[in-house]
Amino acid sequence: MAFRWKNDLTDRDVTDEAVWLNRRQIMGGFAGLGLAGIAGSAHAATDEPNSWEEITRYNNFYEFGTGKDDPAKYADAMTIDPWSVRIDGMVDRPGDYAFDDIMAKMTVEERIYRFRCVEAWSMVIPWNGFELADLLNLAGVKSGAKYVAFETYLNKDEMRGTRFPVLDWPYVEGLRLDEAMHPLAIMATGIYGRDIPKQNGAPLRLVVPWKYGFKSIKSVVRITLTDREPPTSWNKANAREYGFYSNVNPEVDHPRWSQASERRIGGGLFAKNIPTRMFNGYADDVAGLYDGMDLRKFF
Ligand SMILES: Nc1nc2c(c(=O)[nH]1)N[C@H]1C(S)=C(S)[C@@H](COP(=O)(O)O)O[C@H]1N2
Ligand SMILES: [Mo]
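Reading the values: the criteria
- Residues numbered from 1 in each chain as written.
- Chains lettered and ligands numbered in written order.
- Predicted model: local features only at pLDDT ≥ 70, side-chain atom pairs only at ≥ 80, totals over all residues.
- Heavy atoms only, no water.
- Helix = DSSP H or I, 4+ residues; strand = E, 2+ residues; numbered from the N terminus.
- Buried < 20%, exposed > 50% of the residue type's maximum accessible area, 1.4 Å probe, protein only.
- Contact = heavy atoms within 4.5 Å.
- Areas by Shrake-Rupley, 256 points an atom, 1.4 Å probe, with all protein chains shown as cover.
- Near = heavy atom within 4 Å.
- Polar contact = N/O pair within 3.5 Å; in protein donor to acceptor, adjacent residues only side chain to side chain.
- 1 Å grid on protein atoms, 1.4 Å probe; cavity = no way out; pocket = protein on both sides within 12 Å on 5 of 7 lines; lining within 4 Å.
- Sits in = over half its atoms within 2 Å of the grid points.
- Nonpolar A, V, L, I, M, F, W, Y, C, P; charged D, E, K, R; others polar.
- Points joined across faces, edges and corners; volume = space filled by probe spheres on them.
- UniProt positions renumbered as here; feature names shortened; annotations may be inferred.

**Remarks on the overall build of the protein chain**
Then comes step 1: Secondary structure assignment for the protein chain yields eight helices and twelve strands.
Then comes step 2: In the protein chain, buried positions account for 54% of the 299 residues.
Then comes step 3: A separation threshold of at least 6 residues defines the contact pool for the protein chain, and within that pool the share at least 24 residues apart is 73%.
Then comes step 4: Put simply, the protein chain shows about 13,300 Å² of open surface, and 50% of that area lies on carbon and sulfur atoms.

**Side note on the site of ligand 1**
Then comes step 1: If you check the shell around ligand 1, you find 17 residues, and the closest are Asn-59, Tyr-62, Glu-63, Thr-152 and Lys-218.
Then comes step 2: In this structure, Asn-60 approaches ligand 1 through a main-chain N or O atom, which is 3.3 Å from a nitrogen atom.
Then comes step 3: Within the contact set of ligand 1, a nitrogen atom lies 2.8 Å away from a side-chain nitrogen or oxygen of Glu-63.
Then comes step 4: The protein chains hide 98% of the 530 Å² of surface that ligand 1 would expose on its own.
Then comes step 5: Structurally, ligand 1 is housed in the largest pocket.
Then comes step 6: In the shell around ligand 1, the residues fall into eight nonpolar, six polar and three charged.

**Points about the layout of surface pockets**
Then comes step 1: Volume-wise, the largest pocket comes out at about 430 Å³.
Then comes step 2: Looking at the largest pocket, it is lined by 27 residues, and the ones nearest its centre are Asn-60, Phe-61, Tyr-171, Gly-213 and Phe-214.
Then comes step 3: Per element, the largest residue contribution to the lining of the largest pocket is four residues, and it comes from strand β4 (residues 121-131).

**Here we look at the UniProt feature "binding site: Mo-molybdopterin" (unreviewed entry) in the protein chain**
Then comes step 1: In this numbering, the UniProt entry assigns the feature "binding site: Mo-molybdopterin" (unreviewed entry) to Asn-59, Tyr-62, Glu-63, Cys-117, Thr-152, Asn-200, Arg-205, Ser-216, Ile-217 and Lys-218. Among the annotated residues just listed, those lining the largest pocket are Asn-59, Tyr-62, Glu-63, Cys-117, Thr-152, Asn-200, Arg-205, Ser-216, Ile-217 and Lys-218.
Then comes step 2: Taking relative accessible area as the criterion, Asn-59 reaches 3% and is therefore assigned buried.
Then comes step 3: Once residues lying within four places of it in the same chain are set aside, the contact partners of Asn-59 are Gly-67, Lys-68, Pro-71, Gln-199, Asn-200 and Lys-218.
Then comes step 4: In this structure the side chain of Asn-59 is engaged in a polar contact, spanning 3.1 Å, whose partner is the backbone oxygen of Ile-55.
Then comes step 5: Positionally, Arg-205 belongs in strand β9 (residues 205-207).

**Details of unusual backbone geometry**
Then comes step 1: Following Trp-169, the chain continues into Pro-170 via a peptide bond in cis, with omega recorded as -5°.
Then comes step 2: Mapped onto the elements of the fold, Pro-170 is located in the loop between β5 (147-152) and β6 (172-176).
Then comes step 3: A cis amide bond links Ala-202 with the next residue in sequence, Pro-203, at an omega value of -5°.
Then comes step 4: For Pro-203, the position within the fold is in the loop between β8 (194-195) and β9.
Then comes step 5: One non-glycine residue with positive phi stands out, namely Ala-120, at about 75°.
Then comes step 6: Checked against the element boundaries, Ala-120 lands in the loop between β3 (109-116) and β4.
Then comes step 7: The phi dihedral of Ser-246 is positive, around 50°, even though this residue is not glycine.

Written as structure tokens, this is what we have:
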């Protein structure tokens with residue numbers, strides 16, 4: 001790996017780590033997790049992470065319903081053990097990778113990321129996970145591969161929302177290969193040092209912090225390397241409103257609302273409205289991926 005990403009979203013510079021953890025009452029959650037990145041921080045605090053309750057009770061996971069509280073209510077029905085991820089297409093070692101075997105090979109770190117939904121709300125989430133690049137390298141990406149396609153688990157008996165044609169199930173997403181290989185792109189397996197809850201995409205989900213939240217596909221069962229831009233669920237549902245790239249961009253509005261600002265979840269009625277940043281504040285890291293591209297055309 002050419003460089004490891006440095007966290008700019010932590011308050012551990014100013015707050016003793018144990019105090020920070022206790023405050024959120026998560027000490028019980030650390031057993032068995034290799035939290036390589038839990039210590040050490042690079043920069044001063046800029047954002048405060050959202051609470052466990054906010055992160056796990058205000059969700060989008062349409063397979064369980066379109067209400068923000070539906071996933072927390074209904075995702076429990078999803079079977080996540082055993083779990084495997086089929087990695088296929090243009091790879092040297094295609095196959096079904098058992099979740100436990102993947103975890104045995106990956107280095108889990110903490111990544112505190114801003115998370116910006118296309119609906120103009122946002123949170124700050126302390127994920128635990130590993131770099132997507134490490135998983136792709138496990139399977140061996142063949143030369144000629146240009147894109148990565150992802151697919152969510154689908155079980156109509158367990159996922160009550162899939163009885164309705166809100167989206168064309170299963171939920172699918174995609175990235176360009178260089179986006180997928182970027183060290184900011186992770187597969188999250190935890191939050192606040194605990195296993196990731198089902199409503200947040202257990203047992204592993206993609207997190208691409210510089211793109212709108214819908215790119216961060218949950219409960220991934222299949223990853224396919226391909227040389228063609230893969231179809232994506234929201235683009236299939238409404239191509240005029242949701243492009244393949246969907247990079248956070250305050251200058252390109254959604255056809256039905258402005259993307260210039262966002263409502264930071266928390267504080268109830270006092271939720272703050274804050275300006276949205278180019279690439280969700282990760283421009284220094286990722287703008288180079290889009291050099292020379294017309295970001296209005298490729299939205
Ligand atoms: N399979 C699947 N993945 C999904 C979604 C979904 O409905 N189904 N919703 C997306 C959207 S719109 C957002 S904003 C985020 C929400 O993630 P969170 O609930 O963990 O905050 O998940 C994304 N991933
Ligand atoms: Mo979203």
